[in-house]
Amino acid sequence: MNLSQIETDLQNSDFQYRLKAISALQDYPADVAVPLLNRHIQDPEFLVRTFVARELGKQKTSESFAALLQIIKFDNTPNVRAEAANSLSLFGKISVSHLVQTFLRDDHWLVRRSILAALVEMDCPEDVLEVCILGLEGDDAAVQEASVDALGYLANSRQSEAALTQLLKLKNSESEYIRVRVAYALKHFNTSEAKAALAELRQDTDHRVVGAAMENLIS
């Protein structure tokens, strides 16, 4: 799509045209794309703002980074903020502190799960551990379960011992869903404490927990 057509479609009242125009900007350099994307970070249609957040992640400039920070702080739609978090993570280590701060500030489960998934993909075990502990202290079950999963990914990191300590605290959780996730996470750890905890979970009163703890036992 040529630039003139993109600019025309971005003004179209039908948001479908704006979506196609936003997507087409991926073929243009940052000095062309980012100013046009910035004009639509407050678009009335949340799908357009989601596309804007996605495309800003593909443009590695200080302007696109700043725009994503604005979206992640001020947009009123969790889907858009979650997409902005994903895009922010594409900038690498410079984004980590901002993602952690967003996790502290924004307690929506979709945003928090997006941040957890992004941090797990980066080499920042201390930050993963911090957000996992925060997630476990919250009230959202989906975030709690994702936090348990993320602790499992720390098994081969320099925060392995601290992650295992957190998991061992959770093996007697009142939530059977948490105990299921703990059973899976413990399998990443090759320690006597982890093996003993798994043995306990194989005696759990809930068959789903037992199943999770028994899975892959015979190989």
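Before any of the text, the structure's been laid out above.
Analysis parameters
- Residues numbered from 1 in each chain as written.
- Predicted model: local features only at pLDDT ≥ 70, side-chain atom pairs only at ≥ 80, totals over all residues.
- Heavy atoms only, no water.
- Salt bridge = Lys/Arg side-chain N within 4 Å of Asp/Glu carboxyl O.
- Helix = DSSP H or I, 4+ residues; strand = E, 2+ residues; numbered from the N terminus.
- Buried < 20%, exposed > 50% of the residue type's maximum accessible area, 1.4 Å probe, protein only.
- Phe/Tyr/Trp six-rings, centres within 6.5 Å; stacked < 30°, edge-to-face > 60°.
- Lys NZ or Arg CZ within 6 Å of the ring centre and 35° of its normal.
- Core = buried A, V, L, I, M, F, W, Y, C linked by side-chain atoms within 4.5 Å.
- Contact = heavy atoms within 4.5 Å.
- Expected span 1.5 Å × (residues − 1).

1. Let's talk about the pattern of salt bridges
Argument step 1. The tally for this structure, following the rule as stated, stands at eleven salt bridges.
Argument step 2. The closest approach of N and O atoms between Arg 18 and Asp 43, which form a salt bridge, is 2.9 Å. Taken together, the positions of Arg 18 in helix H2 (residues 15-24) and Asp 43 in the loop between helix H3 (30-38) and helix H4 (46-56) put the pair 25 residues apart, joining distant regions of the chain.
Argument step 3. Take Arg 18: its relative accessible area is 8%, and that puts it in the buried class.
Argument step 4. Of the charged contacts in the structure, one is a salt bridge between Arg 81 and Asp 106, with a shortest N-O distance of 2.5 Å. Pair noted here: Arg 81 is in helix H6 (residues 78-89) and Asp 106 is in the loop between helix H7 (96-105) and helix H8 (109-120), with a separation of 25 residues, a long-range link. Each member of the pair Arg 81 and Asp 106 is classed as buried.
Argument step 5. Put simply, Glu 176, Asp 206 and Arg 208 are held in one network by salt bridges that share partners.

2. Re the packing of aromatic side chains
Argument step 1. Summed over the entire model, instances satisfying the criterion amount to one aromatic pair.
Argument step 2. Here the aromatic rings of Phe 65 and Phe 91 are separated by 5.0 Å at their centres, their planes lie at 75°, and the arrangement is edge-to-face. One end of the pair, Phe 65, is in helix H5 (residues 62-74); the other, Phe 91, is in the loop between H6 and H7, with 26 residues separating them in the sequence. As far as burial versus exposure is concerned, Phe 65 and Phe 91 are alike and both buried.
Argument step 3. For the cation-ring pair, Arg 54 lies above Phe 51, with the distance from its terminal atom to the ring centre recorded as 4.9 Å.

3. Describing the nonpolar core
Argument step 1. Counting residues in hydrophobic clusters, the biggest one holds 69 residues, and the most contacted among them are Leu 56, Leu 119 and Leu 186.
Argument step 2. Setting aside residues up to four positions removed in sequence, Leu 119 forms contacts with Val 96, Leu 99, Val 100, Cys 124, Asp 127, Val 128 and Val 131.

4. Regarding H8
Argument step 1. A rise of 1.5 Å per residue sets the reference length of H8, with its twelve residues, at 16 Å; its end C-alpha atoms lie 16 Å apart and thus fit the reference within 8%.
Argument step 2. If you check which residues of H8 are buried, you get Val 111, Arg 112, Ser 114, Ile 115, Leu 116, Ala 118 and Leu 119.
Argument step 3. Where the residues of H8 are buried, they touch H6, H7, helix H9 (125-137) and helix H10 (141-153).

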